Amino acid sequence: MIDKNILEAHYAEYASQPQEWVANMEQTKRSIVAHVLDEATGYTQRWLPSSQRRNVLVLGASDKRYLSIHHRIFNAELGNASVTTYDIDAEHLGRGPTVIEHDVTRPFPRKEYDLVFSHELMKFLTPEEQVLAIGNAHDTLVRGGLAMHIIHEPSIKGTAELREWQYRVDPSELERRLLWDGIPAIRLEFESESSVDWLRHTVALVTPR
Ligand SMILES: C[S@@+](CC[C@H](N)C(=O)[O-])C[C@H]1O[C@@H](n2cnc3c(N)ncnc32)[C@H](O)[C@@H]1O
């Protein structure tokens, strides 16, 4: 588990990011979700925007401003989405009604989500914890649901943007471990619409249920 003081410093750093950064994160996240839903589902009827409410679970958010961003993105993509966020610390997210304090390496309390989304969460987890978190996310899906775990180059290649307290992520090793656990993962690689270099090249590990 990452030290609390390190996480506090991380939240403070994100809270001090200018609105331009947050606007770029919205564009980045929106382009990623749209791409994965398109590629992973081919927008089958199941995933086309509709008035039928879909339950979405987001795993971790560094900044409170991301809560409304995730809400906007999934309602735009799905038509009607109720978005819940699990985070190991709910304080920095204002402890709102859609935030649940939960460690994603432990089994999830509720099992009823259509879609699970994590963005750069894996670098906060050890390789063992990464497999646990993806497995827990898969278990929480309804039949026909899908989870997407988004990873960028710094955590895959260990570039300068990766902090000394963050972990490397090996998508091939994760795919192998997940298959061993009976969870077939689809790996998608593409460029997001980010104006920040290290957020452009994107790997999505998708586990449909
Ligand atoms: C999701 S990641 C990276 C996020 C990226 N910057 C963003 O917000 O889109 C960072 C968040 O994950 C949370 N986190 C780290 N380890 C966690 C764990 N084991 N369980 C739940 N949340 C965790 C941290 O508290 C932090 O808010």
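Read on for a plain summary of the structure. (Residues numbered from 1 in each chain as written. Predicted model: local features only at pLDDT ≥ 70, side-chain atom pairs only at ≥ 80, totals over all residues. Heavy atoms only, no water.)

## What to know about the site of the ligand
Keep this limit in mind: The nearness test applies per residue and asks whether one of its heavy atoms lies within 4 Å of the molecule or strand. Think of a polar contact as two N or O atoms within 3.5 Å of one another; within protein, one of them needs to be a possible hydrogen donor and the other a possible acceptor, and neighboring residues in sequence only count if both atoms come from side chains. All accessible-area figures derive from a Shrake-Rupley calculation using a 1.4 Å probe, and residue coverage is judged against the displayed protein chains alone. Gly is put with the polar residues, along with every residue not named as nonpolar or charged; the nonpolar set is Ala, Val, Leu, Ile, Met, Phe, Trp, Tyr, Cys and Pro, and the charged set is Asp, Glu, Lys and Arg.
Near the ligand, the surroundings consist of 19 residues, among which Y11, K29, S62, D87 and V104 are the closest. At 2.9 Å, a backbone N or O of S62 approaches an oxygen atom of the ligand. Within the contact set of the ligand, a nitrogen atom lies 3.0 Å away from a side-chain nitrogen or oxygen of D103. Computed on the free molecule, the ligand has an accessible area of 590 Å², of which 98% lies beneath the protein chains in the complex. A per-class count over the shell around the ligand returns ten nonpolar, five polar and four charged.

## Considerations on the side chain of H70
To be explicit about the condition: Runs of H or I in DSSP of at least four residues are treated as helices and runs of E of at least two as strands, each being numbered from the N terminus. Contact criterion: two residues are considered in contact whenever any of their non-hydrogen atoms come within 4.5 Å of each other.
Here H70 shows up in helix α3 (residues 65-78). Dropping the residues within four chain positions of it, H70 is found in contact with K29, V58, A61, V83 and F117.

## A short note on helix α4 (residues 127-139)
Rules: Here the expected span of a helix is defined as 1.5 Å times the quantity of residues minus one. Buried means the residue's accessible area, taken with a 1.4 Å probe over protein chains only, is under 20% of the maximum for its type, while exposed means over 50%, and partly exposed covers the values in between.
The end-to-end C-alpha distance of α4, which contains 13 residues, comes to 19 Å, matching closely the 18 Å that a straight helix rising 1.5 Å per residue would cover. Among all positions in α4, only E129, Q130, V131, A133, I134, G135, N136, A137 and H138 are buried.

## Focus: unusual backbone geometry
Residue R95 is not a glycine yet carries a positive backbone phi of 50°. Among the secondary structure elements, R95 is positioned in the loop between β2 (81-87) and β3 (99-101). Unusually for a residue other than glycine, E120 sits at a positive phi of about 60°. Position of E120 among the secondary structure elements: in the loop between β4 (113-119) and α4.

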